[in-house]
Amino acid sequence: YWNTELCCVPFFLLSTPKEIAKNLLAYRYNQLPKAIENARKLGFKDGAALFPQVTNNGEECHSEWEITFEEIHRNNIIVYAIVQHAALTGNMDYIAKYGLEIMIALRPFWSQRVSFSQPKQKYVILGVTGPDEYENNVDNNWYTNYSCIQCLKMTLRFLEMVAQQYPDEYAHIRRITNLDQVKESARWRDIIEHMYLPEDKERGIFIQNDGYMDKVLESTDNITAEEHPINQHWSWDRILRSCYIKQSDVLLGLYLYYFYFDTETVRRNFEFYEPMTVHESSLSPHIHSILAARIGKVEKAYQLFL
């Protein structure tokens, strides 16, 4: 699962010999040919890669189409983990020798997966499932769109760094990936500059996905104790029509890319989304706990930690 990059890689980077984290990254690199094969099966071309949602050998092992085909944000957390490894070890060698090849394989995936909306005059990403699996087959999931931007930004940044600091590795990667950096960089920058990111400017929040604000927005206090967890007591139709969130979505983006958002932005989004979150995923409480601590909600942070 993408839990590996979200949870395990940072844990091992910070608490044990860093070779363990490097082994987890190497596991993904060794499965890159399968990721390219997975994307090709879905109609992508030019060496585009889509890493599987669930795997033990590089092939997709998940059986639910709305997750297998649509939870594509998983590509971006792999790039995030590669960059996190460089940041916390202070060593660029892994990126130069292995990580950059993964980044480059994801670039044609996003180039082909985005669409340009004439009415919006923006790039959009349609038919996705974000981290919150209680909202599936939606358009413009904020986290997916935002993490796509960051994935492309990091690729551009490290392409330039590897070109300057590791010219031999850079030449090798360009050769094996058939990278036309000038042409493709222009395409990536256009996507970065013109990506659609849904937001509610009056509330000062980012919108989870198109259509979310059309729902009846109510707190989890309206769910009786007998109905928890809702995934065992409600029909999927009822869950999908509700406002209730399984796990961090907008808040996950604010957690991962915290250096781009001020405290008040985090506070507004936390206070809007957390009351509608049922935390029926292992990926949810710790993200919310950390964000609660960052905005001074210490008791709430401790409750979520427990």
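Residues numbered from 1 in each chain as written. Predicted model: local features only at pLDDT ≥ 70, side-chain atom pairs only at ≥ 80, totals over all residues. Heavy atoms only, no water.

Chemist: Whenever I open this one, the overall build of the protein chain confuses me. Can you help?
Modeler: Along its length, the protein chain carries 15 helices and 4 strands. Taken over the C-alpha trace, the protein chain has a radius of gyration of 19 Å; the compact-globule value for 306 residues is 19 Å, and the two agree within 12%. Overall, the C-alpha framework of the protein chain stretches about 60 × 50 × 40 Å when taken along its three principal axes. Counting only residues that meet the buried cut, the protein chain has 54% of its 306 residues in that class. A sequence separation of at least 24 residues applies to 69% of the contacts in the protein chain between residues at least 6 apart. For the protein chain, the exposed surface amounts to about 14,200 Å²; the carbon and sulfur share of it is 51%. (Helix = DSSP H or I, 4+ residues; strand = E, 2+ residues; numbered from the N terminus. Rg over C-alpha atoms; globule rule 2.2 N^0.38 Å. Buried < 20%, exposed > 50% of the residue type's maximum accessible area, 1.4 Å probe, protein only. Contact = heavy atoms within 4.5 Å. Areas by Shrake-Rupley, 256 points an atom, 1.4 Å probe, with all protein chains shown as cover.)

Chemist: Any chance you could explain the environment of Ser-219 here in plain terms?
Modeler: With respect to the helices and strands, the residue Ser-219 is situated in the loop between strand E4 (205-206) and helix H10 (230-233). Sequence-wise, Ser-219 and Tyr-244 are 25 residues apart; in three dimensions their C-alpha atoms are separated by 8.2 Å. Polar contacts involving the side chain of Ser-219 include one to the main-chain amide nitrogen of Asp-221, which spans 3.0 Å. (Polar contact = N/O pair within 3.5 Å; in protein donor to acceptor, adjacent residues only side chain to side chain.)

Chemist: What is the right way to read the packing of aromatic side chains from this model?
Modeler: For any pair of aromatic rings, the description consists of the separation of the ring centres together with the inter-plane angle of the planes. Per the stated rule, a full pass over the model turns up 20 aromatic pairs. Arranged with centres 5.0 Å apart and planes meeting at 70°, the rings of Tyr-29 and Tyr-98 form a pair that is edge-to-face. Here Tyr-29 is found in helix H2 (residues 19-30), whereas its partner Tyr-98 is found in helix H6 (residues 93-113), with 69 residues between them in sequence. Ring centres of Trp-142 and Tyr-146 lie 4.9 Å apart, and the angle between their planes is 10°; this geometry places the pair in the stacked category. With Trp-142 and Tyr-146 both in helix H7 (residues 142-165) and 4 residues apart, the pair spans about one turn of that helix. Its relative accessible area of 1% is what places Trp-142 among the buried residues. Put simply, the rings of Tyr-80, Trp-142, Tyr-146, Phe-206, Tyr-257 and Phe-261 touch in pairs and so form one group of aromatic residues. Sitting over the ring of Trp-234, Arg-238 keeps its end group 3.7 Å from the ring centre. (Phe/Tyr/Trp six-rings, centres within 6.5 Å; stacked < 30°, edge-to-face > 60°. Lys NZ or Arg CZ within 6 Å of the ring centre and 35° of its normal.)

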